[in-house]
Amino acid sequence: MGKCDGRCTLLAICSLQLVAALQRQVFDFLGYQWAPILANFLHIVAIILGMFGTVQFRSRYLIFYAVWLVMWVGWNSFMICFYLEVGHLSQDRDFLMTFNTSLHRSWWMEHGPGCLVTPVLDSHLAPDDHHVITVSGCLLDYQYIEVLSSALQVLLALFGFVYACYVSKVFQDDEDSFDFIGGFDSYGYQPPQKSSHLQLQPLYTAG
């Protein structure tokens, strides 16, 4: 029962991670955030492998999933530091998120709750294919929305890592307890034993 409970809990965590990753992927696509898009894609693949390993009793897939979660926590920690501008990180270096292919930022910058977007016309700061805007009145600034999203990813990853290690250990213990060489000795085919007492039958011959 414990193994079943662990598997069910891990599947539930993976399902929550998948929903959160897909939701994040949509908004990163809308904001042309290419680096997070790539990271989200890899995360979705790792989640699917983790779910497959849980259902099919494959501990190797769970180990891969757990290792990826460690890297995923590191990436989201970097995202939190980036948006909070910890240390020498600055949001002005948006090429880190877009691979320097566009000037787009987080989708929540213009579409956050309560945000009022005002375009600045004829600004010399804007390139030919972009425009300058001012954003005001936001109930929650976009950087804090991104930080909360990354913090949720870290929380789910920590739970997923713990349960992935637990379920993988259970699978490995089950494999070790089954001896493939001598596991059938007690239930194997036993040849009939010769009886030491033979029953004598009369022999009739034609006279």
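Residues numbered from 1 in each chain as written. Predicted model: local features only at pLDDT ≥ 70, side-chain atom pairs only at ≥ 80, totals over all residues. Heavy atoms only, no water.

The nonpolar side chains of a soluble globular protein tend to be buried, and buried together. Core analysis: the largest hydrophobic core is formed by 17 residues, its most contacted members being Leu10 and Tyr65. Looking at this core, the elements that each hand over two or more residues are α1 (2-30), α2 (34-55), α3 (59-83) and α6 (142-177). Here this core gets 6 residues from one element, more than from any other, and that element is α3. Beyond its immediate sequence surroundings of up to four residues, Leu10 is in contact with Thr54, Leu62, Tyr65, Gly160, Tyr163, Ala164 and Val167. Met79, Tyr142, Ile145 and Val147 belong to the second largest nonpolar core, which has 8 residues in total. (Core = buried A, V, L, I, M, F, W, Y, C linked by side-chain atoms within 4.5 Å. Buried < 20%, exposed > 50% of the residue type's maximum accessible area, 1.4 Å probe, protein only. Helix = DSSP H or I, 4+ residues; strand = E, 2+ residues; numbered from the N terminus. Contact = heavy atoms within 4.5 Å.)

One pass over the structure, following the stated rule, counts 1 disulfide. A sulfur-sulfur separation of 1.8 Å characterises the disulfide bridge that pairs Cys115 with Cys138. What sets the handedness of the Cys115 and Cys138 disulfide is the S-S torsion sign, and at about 125° it is right-handed. One end of the pair, Cys115, is in the loop between α5 (108-111) and β1 (116-120); the other, Cys138, is in the loop between β2 (132-136) and α6, and 23 residues separate them in sequence. Judged by its relative accessible area of 18%, Cys115 falls in the buried class. (Disulfide = S-S within 2.5 Å.)

What follows is about the packing of aromatic side chains. Using the criterion set out here, one finds 12 aromatic pairs in the structure. Ring centres 4.7 Å apart and planes at 40° place the aromatic pair Phe27 and Trp108 in the tilted group. Pair noted here: Phe27 is in helix α1 and Trp108 is in helix α5, with a separation of 81 residues, a long-range link. Ring geometry for Tyr32 against Trp34: centres 6.0 Å apart, planes inclined by 65°, an arrangement best described as edge-to-face. (Phe/Tyr/Trp six-rings, centres within 6.5 Å; stacked < 30°, edge-to-face > 60°.)

A separate point is unusual backbone geometry. Of note in this structure, Phe57 is not a glycine but carries a positive phi near 60°. For Phe57, a relative accessible area of 37% corresponds to the partly exposed category. Although it is not a glycine, Glu85 sits at a positive phi angle of roughly 55°. Within the secondary structure layout, Glu85 lies in the loop between α3 and α4 (95-98). Overall, the relative accessible area of 40% leaves Glu85 in the partly exposed class.

So, on to the side chain of Gln33. Relative to the helices and strands, Gln33 resides in the loop between α1 and α2. In this structure Gln33 comes out as buried when scored by relative accessible area, which is 3%.

So, about the confidence of the model for the chain. Looking at the chain, the pLDDT average stands at 79 and 69% of residues meet or exceed 70. Low confidence marks residues 179-189, where pLDDT is under 50. Its contacts with residues over four positions away, or in another chain, come to 3 contacts. (pLDDT = per-residue confidence, 0-100.)

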